[in-house]
Amino acid sequence: WSIGLKGGVSTIRGIDYSANGLDRAYNPAFGIFAEKTMNPFYGLGLEYMYQGNNAKGINYGSGFPVDFTSSINQITAFTSINLSNVLAKYRSVKCQRFNNYFVYGIGVGIGSYKNNLASDKVDGSLSLSSSFSVNETYNISKSLEIGLEGKYQWNSNNEYNPAGGKDFCVLDLNLRYKLNG
């Protein structure tokens, strides 16, 4: 078993965003996770993530200004595949400190949204979600691992922002403690 913390930035991708990644708001994302390693190739786990999505004064692709506050509390069941062990099981001891994981999850999100320019407000809306990520990790010691994860997360509900966004991109650092390291 292992437990861990995550923290990073999140941005939502909406239908009215331009292709330019600089015209969007970046907000905090953080969470906790627990995972059971089934064998050296894969593990199963549960994750909680908070993802903020606040924006003020940004003009999206359609040119309208926005001022809104929204967030989603995401609970995800996931499986992680250790690509390093699958592709190169017999690596040198130094190379074994580095691992690459492909992570796929399904879950549910509870979101809230408030348009500060109007009276629109949504609280407690539920959405189904699906996510995939790549997590590059380094084993600091036998019990402690640090990683950098890039994640794409799709939600079935687009009430989180006025630009019609329902999918998030998240970049986070994670720290994992292996209980029987």
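Before reading on, note that the structure itself is shown above.
From a predicted model like this one, the values you see are computed outputs, not experimental measurements.

Moving on, we get to the overall build of the chain. Each helix and strand counted, the chain has 1 helix and 9 strands in total. Counting from the amino terminus, helix and strand elements in the chain follow one another as β-β-β-β-β-α-β-β-β-β. Taken over 181 residues, the chain has a buried fraction of 41%. A separation of at least 24 residues holds for 62% of the contacts in the chain among residues at least 6 apart in sequence.

Let's shift gears to the environment of Y104. Mapping Y104 onto the fold places it in strand β6 (residues 98–115). The partly exposed category is assigned to Y104, whose relative accessible area is 36%. Residues Y104 and T76, spaced 28 residues apart in sequence, show a C-alpha to C-alpha distance of 9.4 Å. Among the polar contacts listed, one links the side chain of Y104 to the side chain of S130, at a separation of 2.9 Å.

Turning next to the side chain of E149. When you line up the elements, E149 lands in strand β8 (residues 144–155). Of the residues examined, E149 reaches a relative accessible area of 2% and is grouped as buried. Here the side chain of E149 touches S133 through a polar contact of 2.7 Å, side chain to side chain. Ignoring anything within four residues of it in the chain, the contact list for E149 reads K6, V103, S133, V134, N135, V170, L171, D172 and N174.

Let us now look at the packing of aromatic side chains. By the definition in use, this model includes 3 aromatic pairs. Ring centres 5.6 Å apart and planes at 40 degrees place the aromatic pair F132 and Y152 in the tilted group. Of this pair, F132 sits in strand β7 (residues 121–139) while Y152 sits in strand β8, and the two are 20 residues apart along the sequence. A residue is classified by how much of its surface remains accessible, and F132, at 42% relative accessible area, is partly exposed.

Next up on the list: the pattern of salt bridges. By the definition in use, this model includes 6 salt bridges. The partner of E47 in a salt bridge is K6, with the nearest N and O atoms 2.4 Å apart. Of the two residues, E47 is situated in strand β3 (residues 42–52) and K6 in strand β1 (residues 2–13); the sequence distance between them amounts to 41 residues. The residues E47 and K6 share a single accessibility class, namely buried. Bridged by salt links that share partners, the residues K6, E47, E149 and K151 form one connected network.

Most often, soluble globular proteins have nonpolar side chains that are buried together. Counting 6 residues, the largest nonpolar core is built from I12, A29, M49, I72, F168 and V170. Other than its neighbours up to four places away in sequence, V170 contacts V9, S10, A29, M49, Q51, E149, G150 and K151.

Scoring rules and cut-offs
All residue numbers refer to positions counted from 1 along the written sequence of the respective chain. Selection of residues for local features in this predicted model requires a pLDDT of at least 70, selection of side-chain atom pairs for listing and counting requires 80 or more, and totals for whole chains, interfaces and linings are taken over all residues. Here the side-chain values reflect all heavy atoms present in the structure, with hydrogen atoms and water set aside. Starting at the N terminus, helices and strands are each numbered in turn, a helix being any DSSP run of H or I of at least four residues and a strand any DSSP run of E of at least two. Each residue is assigned to one of three classes by its accessible area relative to the maximum for its type, calculated with a 1.4 Å probe on protein chains only: buried under 20%, partly exposed between the two thresholds, exposed over 50%. Only heavy atoms matter for contacts: two residues are in contact if any of them lie within 4.5 Å across the pair. Between N or O atoms, a polar contact is any pair within 3.5 Å; within protein, one atom must be a potential hydrogen donor and the other a potential acceptor, and residues adjacent in sequence are included only when both atoms are from side chains. Centres within 6.5 Å make a pair out of two Phe, Tyr or Trp rings, where for Trp the six-membered ring is used; the pair is then stacked when the planes are under 30 degrees apart, edge-to-face when over 60, and tilted otherwise. We define a salt bridge as a side-chain nitrogen of Lys or Arg found within 4 Å of a carboxyl oxygen belonging to Asp or Glu. Among the buried residues, those of types Ala, Val, Leu, Ile, Met, Phe, Trp, Tyr and Cys that are joined through side-chain atoms within 4.5 Å form a nonpolar core.

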